[in-house]
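One-letter residues, chain by chain:
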Amino acid sequence: MPYEILEKRELGSSGAIYEMVLHTPLIAKKAHAGNFVLLRINETGERIPLTIADYNREKGTITMIIQVVGKSTKLICNQNVGDQILDVVGPLGNKIHIKKYDDPIVVIGGGIGIAPCYLQAKELRDAGNEIITILGARSRGLLIWKEKMETVSDQLIITTDDGSEGMKGVVTDPLKKIMQKRKISLVIAIGPLIMMKYVALTTNGTGDLPKVKTFVSLNTIMVDGTGMCGSCRFSTIDGDIQFACVDGPDVDAHIVDFNNLLKRAHRFLDQEKESLECYNNECRALEQLKREVV
Ligand code: FES
């Protein structure tokens, strides 16, 4: 059964990030923070795992944020309202554990990782928790869902690398200040691997700050999302192997061997660039053919 795109909008000013709302009533009914879906645009399309960034059970919709990286994400982002996606499977992955904590929770989103933070902050706040949100981006134009995050945060702090919005600096700057002043129950960080690594180093209790339980999402390292391709495997500091799509995507930040993960992080970048280039060339050739026929 194909799934209709009900809404589509571009986010930020990069021209590469889109928000899409899909009509998927059965998935919307069961979705929770932490879940993802597998999406296949057509018969020959590859499966793409995407985090459920929001859901509306009444309308039967889920929202996803998609960044154009390779051919498949470009194909999806080229779809418009009213178009259909062939397969959407989910919700998959482990939902996060929701409970009332004694002290505030710090939710940290970096770049496109801000989107999955929204649902986690929302469900935890609905459970009565105080949410302090820190959002980080390279510059103002790359900051997404600021207003939406405001609606689920008791306090919102923005950092940008260039200082074009909020504090100039990185997300761990305000995190350290908060941890110096207040007791924190939980930290959740979703964003680039390097950001999550430094959040984990800040909260692991090895410096002069107290240890705080911290979860990170390894959604970006998943490929087929089914536990079969092995792409999302990561080493723990004890030498065990886990899989983000089976054991996560949200995992204890303090067990992840980030140095090992960072070494493997960009291994498909060349192939993604190549397939995107081929797709762009095909599109240009098709446009040329259309012009010649007309
Ligand atoms: S994404 Fe393939 S095994 Fe997890």
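A quick note: this is a predicted structure, and the numbers were derived from the prediction, not measured.

Here the domain parsing of the chain yields domain 1 (3-92) and domain 2 (105-264). With 23 residues of domain 1 at the contact, the number on the domain 2 side is 21 residues. Contact with domain 2 buries area across many residues of domain 1, yet Ala33, Phe36 and Asp54 alone supply 24% of it, more than any other trio. Here domain 1 and domain 2 share 1 salt bridge between them. Across the salt bridge formed by Lys148 and Asp54, the nearest N and O atoms sit 2.8 Å from each other. If you look at where domain 1 meets domain 2, you find 6 residue pairs in polar contact (both at pLDDT 80 or more). For the side of domain 1 that touches domain 2, the elements supplying multiple residues, two or more each, are strand E2 (17-23), strand E3 (36-40), strand E4 (48-51), strand E5 (54-56) and strand E6 (61-67). By residue number, the principal contributor to the side of domain 1 that touches domain 2 is E6, which donates 4 residues. Residue composition of the side of domain 1 that touches domain 2, by class: 12 nonpolar, 8 polar and 3 charged.

Turning next to unusual backbone geometry. A cis amide bond, omega -5°, links Gly90 with the succeeding residue Pro91. You can see Pro91 is positioned in strand E8 (residues 87-92). Note that the residue after Gly248, namely Pro249, is joined by a cis bond; omega there is 10°. Checked against the element boundaries, Pro249 lands in the loop between helix H7 (244-247) and strand E17 (250-252). For Trp145, which is not glycine, the phi dihedral falls at a positive 55°. Within the secondary structure layout, Trp145 lies in the loop between strand E10 (131-137) and helix H4 (146-150). Assessed through its relative accessible area of 8%, Trp145 is described here as buried.

With respect to the secondary-structure elements, Gln67 resides in strand E6. Each C-alpha atom of the pair Gln67 and Leu124 lies 26 Å from the other, and the pair is 57 residues apart in sequence.

Buried residues dominate E6, accounting for 6 of its 7 residues. The sheet contact formed by E2 and E6 spans 7 bridges and is antiparallel. By the bridge assignment, Tyr18 is partnered in E6 with Ile66. Bridging between E5 and E6 involves 3 bridges; their strand directions are antiparallel. Looking at the pairing, Tyr55 lines up with Ile62 of E6. What sits between the antiparallel neighbours E5 and E6 is a turn of 4 residues, in which Gly60 has the positive phi angle 70°.

Bridge analysis of strand E13 (residues 186-190) against strand E14 (residues 214-217) gives 3 bridges, and the strand direction is parallel. Pairing of Val187 across the sheet is with Thr214, part of E14. Each parallel crossover has a hand, and for E13 linked through helix H6 (residues 193-203) to E14 it is right-handed. With 3 bridges joining them, E14 and E17 adopt antiparallel strand pairing. Its bridge partner lying in E17, Phe215 is registered against Asp252.

On to helix H5 (residues 172-181), then. Structurally, the α-helix is built with 3.6 residues per turn, so residues lying three or four positions apart point the same way. Residues of H5 that are buried: Thr172, Pro174, Leu175, Ile178 and Met179. Within H5, the buried residues cover an arc of 160° as seen down the axis, which keeps them to one side. In H5, those exposed residues whose orientation departs by more than 90 degrees from the buried face are Gln180 and Lys181. Each element contacted by the buried residues of H5 is listed here: strand E9 (105-110), E10, strand E11 (155-160), strand E12 (167-168), E13 and H6.

With that settled, consider the sheet that holds E9. A sheet is described by the order of its strands in space; here 7 strands give the open sequence E12-E11-E10-E9-E13-E14-E17, paired in mixed fashion. The sheet terminates laterally at E12 and E17, the two strands that pair on one side only. As paired elements, E10 and E11 share 6 bridges and run parallel to each other. By the bridge assignment for E11, Ala137 is matched with Thr160. Contacting E9, E10, E11, E12 and E13, H5 crosses the sheet at an angle of about 155° to E10. Across the sheet, H6 lies against E9, E13 and E14, angled at about 165° from E13, the strand it touches most.

What counts as what
- Residues numbered from 1 in each chain as written.
- Predicted model: local features only at pLDDT ≥ 70, side-chain atom pairs only at ≥ 80, totals over all residues.
- Heavy atoms only, no water.
- Domains from an automatic or database assignment.
- Contact = heavy atoms within 4.5 Å.
- Buried area = accessible area lost by both parts, 1.4 Å probe.
- Salt bridge = Lys/Arg side-chain N within 4 Å of Asp/Glu carboxyl O.
- Polar contact = N/O pair within 3.5 Å; in protein donor to acceptor, adjacent residues only side chain to side chain.
- Helix = DSSP H or I, 4+ residues; strand = E, 2+ residues; numbered from the N terminus.
- Nonpolar A, V, L, I, M, F, W, Y, C, P; charged D, E, K, R; others polar.
- Buried < 20%, exposed > 50% of the residue type's maximum accessible area, 1.4 Å probe, protein only.
- Pairing = 2+ DSSP bridges.
- Right-handed = clockwise from strand over helix to strand, strands pointing away.
- Arc of directions from axis to C-beta.
- Axes fitted to C-alpha atoms, helices over the stretch in contact; angles between N-to-C directions.

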